[in-house]
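Observations on the model geometry
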2 protein chains.
Amino acid sequence: MARKPKNRKSSQKSKPKQQPQRKQATAVPLPKRRDSVEICNVTPQVEGGRHPAYRVVGELLRVEADIFKDGHDVISAILGWYAVNDQKRQETPMQALDNDRWFAECRFEEIGAYRFEITAWMDEFLTWRHDFQRRVDGGQESLATETIEGVQLFEKNAARAEAADHKNDAAALRKAGNALAAATQGQVAALTHELETERLMALWTDRDLATVTAEGFPVLIERPAARFSAWYEFFPRSVLADGKTHGKFRDCLPRIEDARTMGFDVIYLPPIHPIGESHRKGRNNTVTCAPGDVGSPWAIGAKTGGHRSVEPQLGTIEDFEWLVKETKKRGMEIAIDFAINCSPDHPYVRDHPEWFFHRPDGTIKYAENPPKKYQDIYPLNFHCDDWQNLWSEMVSLVTFWVDRGVRIFRVDNPHTKPVAFWEYLIAEIRKSAPETLFLAEAFTRPRMMQALGKIGFSQSYTYFTWRETREELIEYATELTQGEMRDYYCANFWPNTPDILPHHLQHAPPAMFKIRATLAATLSTSWGIYSGYELCENQPLPGREEYLDSEKYQITERNWDKPGNIKAFIGRLNHIRREQPALQEYANLHFIEADNDRIIAYWKHSDDRQNIIVVVVNLDAHDTQESTIHLPLEEMGVDPHHGFAVEDLMFDEIYHWQGASNFVSLDPRSKPVHILKLLPS
Amino acid sequence: MARKPKNRKSSQKSKPKQQPQRKQATAVPLPKRRDSVEICNVTPQVEGGRHPAYRVVGELLRVEADIFKDGHDVISAILGWYAVNDQKRQETPMQALDNDRWFAECRFEEIGAYRFEITAWMDEFLTWRHDFQRRVDGGQESLATETIEGVQLFEKNAARAEAADHKNDAAALRKAGNALAAATQGQVAALTHELETERLMALWTDRDLATVTAEGFPVLIERPAARFSAWYEFFPRSVLADGKTHGKFRDCLPRIEDARTMGFDVIYLPPIHPIGESHRKGRNNTVTCAPGDVGSPWAIGAKTGGHRSVEPQLGTIEDFEWLVKETKKRGMEIAIDFAINCSPDHPYVRDHPEWFFHRPDGTIKYAENPPKKYQDIYPLNFHCDDWQNLWSEMVSLVTFWVDRGVRIFRVDNPHTKPVAFWEYLIAEIRKSAPETLFLAEAFTRPRMMQALGKIGFSQSYTYFTWRETREELIEYATELTQGEMRDYYCANFWPNTPDILPHHLQHAPPAMFKIRATLAATLSTSWGIYSGYELCENQPLPGREEYLDSEKYQITERNWDKPGNIKAFIGRLNHIRREQPALQEYANLHFIEADNDRIIAYWKHSDDRQNIIVVVVNLDAHDTQESTIHLPLEEMGVDPHHGFAVEDLMFDEIYHWQGASNFVSLDPRSKPVHILKLLPS
């Protein structure tokens, strides 16, 4: 841990009088005078401070560090933090835990970039007081010398207060010093433990002699929706649901109202841009396209425009802006898809052929993953000679939609573009619109997913979609929320997407849809569904994890109020999430032992521990499962010797439990889950 | 991971043609062109590179990192390293493990400060070759375009070789390119996998487009004795062993010969300086000193001198230098004690009273740990106003003894002086005598012990002395050798010291002395005993962990060949350590399952895995213990379906074992341990 003076502006007060002989040749320069407190292993730190730790407005940041020095002196330490653009500093004392570990907590009230730092010093006053007490306890008879030393400390701090023109403090310190000088041995303890005396001695201690962590550690504060959000994805062109009439932005309100009733707050639309015609894919991703086939919205760009245009069949940009506003009026917001795919018809192909990959004969390459060919997509070359204009253009694309009111972007396949590009783009956008959020659709290897979180994505898709057994779920949710990933990666749990109908949902009963929704909505703080989930759509393309007659390639026919739907269940789920602070905190997940491994149980608490939620889920969608679950009552703050009550918020029932071990029985047909709130005793 | 160009001296070759519009205001500047490989989680790193990882000459350094990029390109990565004072760079290719983790290994041939760095890039040639093969495998008929692309890559690299005036390489690459141009599809794989072609394409690839870890990560290479050493401590004044005649340096050779026979290579002498007379402690640490009492060597300084002098009763500085040379002739070396304690009679008290702590009346303070008083010791104030001269003086003290041939210092209580002071002192000494080693006698809290290792101490005392049960030993040895401490902390295991006769040795039989010696000598690579251990001295001051009639305060009477001594056992132990490379490696310790928890078993291997040693110890010094132990044969490279032989190097016996589970029986009276060498089958 390198050091710097605490006061970033002041020059060093007391110049060293004389350099020791060998100083000039020293690789390890003589450290600052009296700087003898060590600070190390500071958490949170993401890649040694290269990237920020992420938190949201109002969320607790707990900072810990190893703080120690030679000898037996008493140390004082404070956590300080400041906005990078402001430097107005706040601070709070740190407290010692075990084994030289210290901690402090703080919260941030505004979006933005902050840094925190730790300052620690040998506290002369506390050291003196501690030493004095040990002498008293050890039966030392005369403490005259030690008393004089104490009085001198008061005078030193008083002089410092005076020099800073705080005459009242100086007077108070001198008065306390005089009282100490006149005190009997028995009075000293009370005198030197007076709160005001302690405060003033801490305030006027000489912090220029303190160790301060160099540079500070970065924290990026986002708005709460970065952490807590419920997403609903639908294809605007299918909202009329007759399987043939192309829906328009102006037709979307009923769908948004329905999502609102279900408690969602983010409406995510697949790409809204003109869809390419060349090599357009047909229904079920066939290579030949029949007349009237609408194509995949991810093949972006046509004669009518590229990423700055909307598909004419959806309406106009004004219609889109109207939809953004109508959604906002309803307390929700629109997220759009930022998919950097160009169809052969995209204007870039004509205007910027230099941005694409080329064959030796000069023609532009379509996407390939040999032996697979994607003739309807031309990938951009992020390292082409004109890369700077290309990157800049991408920023201006996002800015275009920010200017039209969009503040959430779901980014398609970010892992196929350079990480450095995303770091650049997100930082650029945050400069003028710091409240903008990005969700990474990166279904790829773990290190890349983590890297995207570190460099700025607010949320990420996850492997949740494929985690089925209790063991898998516990391992994965623990890795996400209890390890260092919690500092830079916020998981958004999706039970399905237009690309993925996982095996466990195929031909599955509604109970499985309720089970996976409950897991998604309560294991993480952000979750989402792709529409049709609430209708329990469960028909796969045979042998695949894709939907049959996928909406990606056609206008889908549906009954939005199909009998057997689970809209009310989902609405209740989202309602509970909004009411219970415990479900809005990300890193507070604790699993509960259950004897039956088809039952998964866990609990979450609000950061003040006043709100405690226990979730119990039957992972078996077909048969009733029963189990005893073993609650860690002490950690939950429950007296193990008295009964207590829990309220099932999903099914409006109250259970009276006694002791740690309690029996649950979950029939998937009627009650596949418990979401229990601990009632005050 | 920040980036810098690979070649530290060259300026950037291809200047960006044009800055994108937003560049000027960018907090995250546009990264270097094509720099799209991410490198993170590099190990080893000590505090994010603030401190070096420590290795010794010839020892393997294994570097690992997460290396990945967007998309499906093939990555190449190399580990490079260079001496800080030299910059001549060596490098070796890295290899991919699982999950984007890569590794490479290197060794260092000389003492000194090094840095290592990782360079990784999208390998155009390997990417092209991989892509080509996938197309072949996928049945693509015409590969004419792809072949042209390959030929172009050969030409690009040939041009680069030519520009660097490597005409032969350029010609070879062009020839290979021409061969490729003329090749049939079936010939391409063989052509492009030719070793010389691979080598040249890797050599002349464009590394200016690579990601390089910024700054590099520091490594400090020490001499082998930093890692592998066997210490023998004795008090020169007691060598005559009659309990009254003060031994001299010139009397020490028999003791050193004896230590040599026992296989020790470091002779550690407690402080050799004049001992204070004021408040000198009497026998058994009593406050009053009888006439003729010799006092504690740790109360340094008298009328005859301070830390630059030797106690006159031991002889002269010339005598000491003679002893250093005689010891060296015998293939061993002298370590002295650097104890920054001043007796009231130390010359500093007269010449530099400003270096001590003072009472308000101006008198100098003696050491206290209230209510305990140590009137025979004046502590130095490392933060006094004249601290720079004090620190400088300490460096010159050590230099004084370095100039007299000492290259190992055992540092007394380093944890009571500032960590920053030690960092400064050790760095200063290493400038002119980089082979100098420091052993930290820091019996204190873990974070401080770790900090001293990080800032430069080569070795440290440990808690081994108090770890008794199998569980305690496994936990502690694992923490030391298998966690991140292995990179900066080398444990020196001492079963006893002049300060500590642990409970398990008190009144204990010789078997316990053999057991603890075996554990110390084989769990770690450095170990030591304080003389008398080989004689199984086991009498404590009643109720304390101290020796009765401690040698710290008197001249001890002994029979150096006392019947029942374990000198032969210790000699064998050290001999085995020298013969078996597996026992000279620190971080290769693996525990073996044993059914009886009084039996501890572990194995170690040389880094080439040719030498495998299994140690089995009966922790019970009184009764025979038997157990089945379960060897991880596959990891050991033993065919589990065939029998194999192990040789007990301590007791010259050969056992024929079959399969993983084998029976051991250890009678503490005859055979308390096995040290087994796996014999080649």
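Notes on the structure in this doc start here. Remember, it's a predicted structure, so these values are computed and weren't measured experimentally.

**A word on the overall build of chain A**
- From N to C terminus, chain A includes 15 helices and 28 strands.
- Principal-axis analysis of the C-alpha atoms places the extent of chain A at approximately 105 × 70 × 45 Å.
- Within chain A, buried positions represent 59% of all 681 residues.
- If you take every contact in chain A between residues at least 6 apart in sequence, the share linking residues at least 24 apart comes to 74%.
- When the accessible surface of chain A is split by element, carbon and sulfur atoms take 50% of a total near 27200 Å².
- In chain A, 82 positive and 98 negative side-chain charges are present, and the distance between their average locations comes to 5 Å.

**Quick look at the pattern of salt bridges**
- Scanning the model with the defined rule gives 115 salt bridges over all chains in all.
- A:Lys454 is paired through a salt bridge with A:Glu47; the nearest N and O atoms lie 3.0 Å apart. In this pair, A:Lys454 sits in helix H11 (residues 446-455) while A:Glu47 sits in the loop between strand E1 (37-43) and strand E2 (53-56), placing the two residues 407 residues apart along the sequence.
- Accessibility expressed as a relative area gives 5% for A:Lys454, which makes it buried.
- Between A:Asp100 and B:Arg445 there is a salt bridge, with the nearest N and O atoms lying 2.8 Å from each other. Here the residue A:Asp100 occupies a position in the loop between strand E6 (95-96) and strand E7 (101-107), and B:Arg445 occupies one in the loop between strand E17 (437-441) and helix H11 (446-455), the pair thus bridging two chains.
- Under the relative-accessibility criterion, A:Asp100 is labelled buried at 11%.
- The class of B:Arg445 is partly exposed, set by a relative accessible area of 38%.
- Among the charged side chains, a salt-bridge network with shared partners connects A:Arg62, A:Glu64, A:Asp66, A:Arg101, A:Glu105 and B:Arg447.

**Section: the side chain of B:Glu423**
- Checked against the element boundaries, B:Glu423 lands in helix H10 (residues 419-432).
- Within polar-contact distance, the side chain of B:Glu423 engages the side chain of B:Arg50 at 3.2 Å.

**Re the sheet that holds strand E25 (residues 643-648) of chain A**
All names here are of chain A.
- If you walk across this open sheet you meet the eight strands as E26-E25-E28-E23-E22-E21-E24-E27, and the pairing is antiparallel. Two strands lie at the open edges of the sheet, namely strand E26 (653-658) and strand E27 (661-666), each paired on one side alone. Strand-to-strand, the axes of this sheet are offset by a mean angle of 35°, without reference to chain direction.
- When strand E23 (residues 612-618) meets strand E28 (residues 673-678), the two strands line up antiparallel, connected through five bridges.

**Digging into helix H9 (residues 387-402) of chain B**
- The end-to-end C-alpha separation of H9(B) is 23 Å, in line with the 22 Å expected for 16 residues at 1.5 Å each.
- Of all 16 residues in H9(B), 15 are buried, a share of seventy percent or more.

**Observations concerning the packing of helix H3 (residues 167-182) of chain A against helix H5 (residues 195-203) of chain A**
Residue and element names in this part refer to chain A.
- Where H3 meets H5, the closest approach of the two axes is 10 Å, and the angle between their N-to-C directions is 120°. Between H3 and H5, the angle is such that the two are oblique. Crossing of H3 over H5 shows left-handed handedness. Each of Asp169, Ala172, Leu173 and Ala176 in H3 lies in contact with H5, whose residues at this interface are Thr197, Leu200, Met201 and Leu203.
- Considered class by class, the residues forming the contact of H3 with H5 number six nonpolar, one polar and one charged.

**Digging into the sheet that holds strand E21 (residues 590-594) of chain B**
Residues and elements named next belong to chain B.
- Ordered by their spatial adjacency, eight strands build an open sheet running E26-E25-E28-E23-E22-E21-E24-E27, and the pairing between neighbours is antiparallel. Pairing within the sheet leaves two strands with one partner each, and these edge strands are strand E26 (653-658) and strand E27 (661-666). Strand-to-strand, the axes of this sheet are offset by a mean angle of 35°, without reference to chain direction.
- Taken together, the two bridges between E21 and strand E24 (residues 625-630) define a ladder with antiparallel strand orientation. The partner of Glu593 across the bridge, within E24, is His630.
- Strands in contact with helix H13 (residues 510-523) are E21, strand E22 (599-605), strand E23 (612-618) and strand E28 (673-678); relative to E22, the strand with the most contacts, it is inclined by about 30°.

**Describing unusual backbone geometry**
- Cis geometry marks the peptide bond from B:Thr43 to B:Pro44; its omega dihedral reads 0°.
- Among the structural elements, B:Pro44 can be located in the loop between strand E1 (37-43) and strand E2 (53-56).
- In this structure, B:Pro371 follows B:Pro370 across a cis peptide bond, with omega equal to 5°.
- Looking at the element boundaries, B:Pro371 is found in the loop between strand E14 (367-369) and strand E15 (372-374).
- Positioned with a positive phi, A:Glu215 is a non-glycine residue whose angle comes to about 70°.
- Mapped onto the fold, A:Glu215 is located in the loop between strand E9 (211-212) and strand E10 (217-222).
- The phi angle at B:Asp549 is positive, at roughly 50°, despite the residue not being glycine.
- Relative to the helices and strands, B:Asp549 is located in the loop between strand E20 (526-530) and helix H14 (567-579).

**Concerning the side chain of A:Thr522**
Residue and element names in this part refer to chain A.
- Structurally, the position occupied by Thr522 is in helix H13 (residues 510-523).
- When its relative accessible area of 1% is taken as the criterion, Thr522 is described as buried.
- Within the structure, Thr522 has its side chain in polar contact with the side chain of Tyr602 (distance 2.6 Å).
- Apart from the residues lying within four places of it in its own chain, the contact partners of Thr522 are Leu573, Leu583, Tyr602, Lys604, Val615 and Ile675.

**A look at the pairing of E7(A)**
All names here are of chain A.
- Counting buried residues in E7 gives five out of seven residues, a clear majority hidden from the surface.
- Of the strand pairs in this sheet, strand E3 (residues 60-69) and E7 are connected by seven bridges, and their pairing is antiparallel. Residue pairing for E7: Val63 is matched across the bridge by Ala104.
- Alignment of E6 against E7, held across two bridges, turns out to be antiparallel. Each bridged residue has a counterpart across the sheet, and for Ala96 the counterpart in E7 is Trp102.
- Between E6 and E7, which pair antiparallel one after the other, the connecting turn spans four residues, and Asn99 there sits at a positive phi close to 55°.

**Focus on helix H6 (residues 253-261) of chain B**
Residues and elements named next belong to chain B.
- Among the residues of H6, Leu253, Arg255, Ile256, Asp258 and Ala259 are the ones counted as buried.
- On the buried face of H6, the contacting elements are strand E11 (229-233), strand E12 (266-269), helix H7 (317-329), strand E13 (333-338) and H14.
- Trailing H6 by a residue or two, Gly263 shows a phi angle of about 90°, which is positive.

Conventions we followed
- Residues numbered from 1 in each chain as written.
- Chains lettered and ligands numbered in written order.
- Predicted model: local features only at pLDDT ≥ 70, side-chain atom pairs only at ≥ 80, totals over all residues.
- Heavy atoms only, no water.
- Helix = DSSP H or I, 4+ residues; strand = E, 2+ residues; numbered from the N terminus.
- Buried < 20%, exposed > 50% of the residue type's maximum accessible area, 1.4 Å probe, protein only.
- Contact = heavy atoms within 4.5 Å.
- Areas by Shrake-Rupley, 256 points an atom, 1.4 Å probe, with all protein chains shown as cover.
- Lys, Arg positive; Asp, Glu negative; His and termini not counted.
- Charge placed at Lys NZ, Arg CZ, Asp CG, Glu CD.
- Salt bridge = Lys/Arg side-chain N within 4 Å of Asp/Glu carboxyl O.
- Polar contact = N/O pair within 3.5 Å; in protein donor to acceptor, adjacent residues only side chain to side chain.
- Pairing = 2+ DSSP bridges.
- Axes fitted to C-alpha atoms, helices over the stretch in contact; angles between N-to-C directions.
- Expected span 1.5 Å × (residues − 1).
- Parallel < 35°, antiparallel > 145°, perpendicular 65-115°, else oblique.
- Left-handed = near helix turned anticlockwise from the far one by under 90°.
- Nonpolar A, V, L, I, M, F, W, Y, C, P; charged D, E, K, R; others polar.

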